[in-house]
Amino acid sequence: MIYSRITGTGSYLPDKVLTNQDLEKIVDTTDQWIRERTGISKRHIVAENQSTVDLAEYAARRALKAAGRDAQDIDLIIVATTTPDRVFPSTACLLQKRLDRHGCAAFDIQAVCTGFVYAVGVADKFIKTGAAKCALVVGAEVLSRVLDWTDRGTCVLFGDGSGAVIIEAGDEPGILSTHLHADGAYESLLTVAGGVGQGYASLLDGNGYVSMKGNEVFKVAVNTLGRIVDETLEANQLEKSDIDWLIPHQANIRIIQATAKKLKMSMERVVVTVGEHGNTSSASVPLALDVAVRDGRVKRGETLLMEAFGGGFTWGSILLKF
Ligand code: UT7
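Thresholds applied
Residues numbered from 1 in each chain as written. Predicted model: local features only at pLDDT ≥ 70, side-chain atom pairs only at ≥ 80, totals over all residues. Heavy atoms only, no water. Salt bridge = Lys/Arg side-chain N within 4 Å of Asp/Glu carboxyl O. Helix = DSSP H or I, 4+ residues; strand = E, 2+ residues; numbered from the N terminus. Buried < 20%, exposed > 50% of the residue type's maximum accessible area, 1.4 Å probe, protein only. Patch = residues over 30% accessible without salt bridge, like charges linked within 9 Å, V, L, I, M, F, W, Y side chains within 5 Å. Areas by Shrake-Rupley, 256 points an atom, 1.4 Å probe, with all protein chains shown as cover. Pairing = 2+ DSSP bridges. Axes fitted to C-alpha atoms, helices over the stretch in contact; angles between N-to-C directions. Contact = heavy atoms within 4.5 Å. Domains from an automatic or database assignment. Buried area = accessible area lost by both parts, 1.4 Å probe. Polar contact = N/O pair within 3.5 Å; in protein donor to acceptor, adjacent residues only side chain to side chain.

A. Focus on the pattern of salt bridges. In the structure shown here, the tally under the stated rule is 12 salt bridges. We note a salt bridge from Lys262 to Asp230, for which the minimum N-O separation is 2.9 Å. Highlighted residues: Lys262 in helix H8 (residues 253-262) and Asp230 in helix H7 (residues 214-235), separated in sequence by 32 residues. The class of Lys262 is partly exposed, set by a relative accessible area of 32%. What makes Asp230 partly exposed here is its relative accessible area of 27%. The network of salt bridges with shared partners includes Asp54, Glu57, Arg61 and Arg98.

B. Structural context of a nonpolar patch on the surface. Among the surface-exposed residues, Val87, Phe88, Val196, Tyr200 and Leu203 lie close enough to one another that they form a single nonpolar patch of about 560 Å² accessible area. Tracing the backbone through its elements, the reader meets Tyr200 in the loop between strand S9 (190-192) and strand S10 (210-212).

C. Representation of the sheet that holds strand S13 (residues 314-321) within the structure. Read across the open sheet, the 4 strands follow the order S8-S13-S12-S11; overall the sheet is mixed. Single-partner strands in this sheet number two, and they are strand S8 (175-182) and strand S11 (245-248). Pairs of neighbouring strands in the sheet enclose a mean axial angle of 10 degrees, with direction left out of account. Bridge analysis of S11 against strand S12 (residues 303-310) gives 4 bridges, and the strand direction is parallel. Looking at S12, one finds that Leu246 is bridged to Leu305. Sitting on the sheet, H7 is in contact with S8, S12 and S13, with an inclination near 145 degrees to S12.

D. How the structure looks around the domain arrangement of the protein chain. Along its sequence, the protein chain is organised into domain 1 (3-172) and domain 2 (176-321). On a C-alpha basis, the centroid separation for the pair domain 1 and domain 2 is 14 Å. Taken together, the contact between domain 1 and domain 2 spans 57 residues of the former and 46 residues of the latter. Both faces combined, the contact of domain 1 with domain 2 buries some 3600 Å², and carbon together with sulfur accounts for 62% of it. Among the residues domain 1 hides against domain 2, the three largest losses belong to Cys113, Val117 and Tyr118. Together they make up 17% of the total. Where domain 1 touches domain 2, the interface holds 0 salt bridges. Summed over the shared surface of domain 1 and domain 2, the result is 21 residue pairs in polar contact (both at pLDDT 80 or more). Breaking the side of domain 1 that touches domain 2 down by element, the ones donating at least two residues are strand S1 (3-12), helix H2 (31-38), strand S3 (42-45), helix H3 (52-67), helix H5 (115-128), strand S6 (134-142), helix H6 (152-155) and strand S7 (160-170).

E. Focus on the sheet that holds strand S5 (residues 105-109). A sheet is described by the order of its strands in space; here 5 strands give the open sequence S1-S7-S6-S4-S5, paired in mixed fashion. The open sheet terminates on both sides in strands that have one partner only, identified here as S1 and S5. Direction aside, the axes of adjacent strands within the sheet are offset by 20 degrees on average. Bridge analysis of S1 against S7 gives 9 bridges, and the strand direction is antiparallel. Looking at S7, one finds that Ser4 is bridged to Ala169.

This is the structure we're talking about:
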């Protein structure tokens with residue numbers, strides 16, 4: 001039996017910080033409203049001369065270093081992103097070039113905020129079937145570039161960043177299960193409605209920016225994440241108390257608290273970065289993981305539950321022994 005295990009983590013946040021106070025000067029909002037409704041105090045914003053692949057490269061190099069691996073060891077690259085540098089080639093191919101790694105499979109996954117969870121699910125299957133031995137999985141986003149900075153309902157929520165993991169084949173359990181779901185019936189509740197497939201004109205008149213029916217998304221997210229927690233525990237015949245750490249998608253502190261309550265977990269066992277990072281979409285789970293690994297909270301051998309929910313709708317979870 002081949003197992004797959006995370007052997008290194010890395011992340012990156014751009015230097016520029018945008019605080020709630022800065023946003024008060026841009027849109028009709030208050031620091032108090034943003035903190036009370038979302039838990040967010042600040043977020044990082046990409047520099048003008050940076051793009052998704054730049055963010056991805058930093059996180060990837062840090063994850064490689066943490067795993068004690070060289071780019072030449074990688075035989076699979078998956079980048080989860082909703083904000084790719086180009087229509088094509090994929091950001092994964094651009095990253096592959098940066099890493100000077102030639103020939104291995106490289107592709108992007110688009111599952112919005114659940115992208116990293118999807119990408120780990122795919123990499124896990126490549127490794128467990130013997131198709132890959134050392135995968136680089138990255139979540140990287142420049143959500144700030146698809147925000148309408150006059151829409152207070154969305155622009156206060158998101159931030160830029162990246163996170164990465166190295167997943168390797170081994171003979172001891174690491175990733176125990178992944179659970180991936182989607183329901184496209186909800187496509188209109190959280191969307192960038194335009195896209196090149198509809199012609200460039202479809203991106204005009206605000207359709208190139210995020211639009212969201214926040215309250216409706218919120219309700220579905222809370223219910224759905226509650227269900228996926230049950231599904232994941234059941235599949236592994238585990239009890240809630242078996243989970244050492246919850247590493248959730250960082251969209252809103254109230255959604256995170258609801259999931260923790262469902263798990264009967266104290267917030268001390270939940271990794272929360274939304275206050276400092278905002279919602280970084282596919283980067284949020286690997287960023288939170290890397291923060292908690294580097295500050296010493298998450299230790300080898302502990303059981304981690306990661307979950308995410310996003311546009312599509314898509315949702316998913318990863319249960320693993322770190
Ligand atoms: O990562 C993908 C998944 N995304 C999510 O999970 C996001 C889910 N949704 C949410 O997190 C929350 O719904 C929001 C944080 C987006 C909004 O919080 P809410 O408690 O659902 O507020 P609301 O949308 O019901 O709006 C309440 C009020 C409205 O004013 P009225 O109609 O009551 O007068 C909004 O216009 O708050 C107003 N509002 C704001 N006020 C100040 C909306 N945005 C702002 C703002 N500042 N930035």
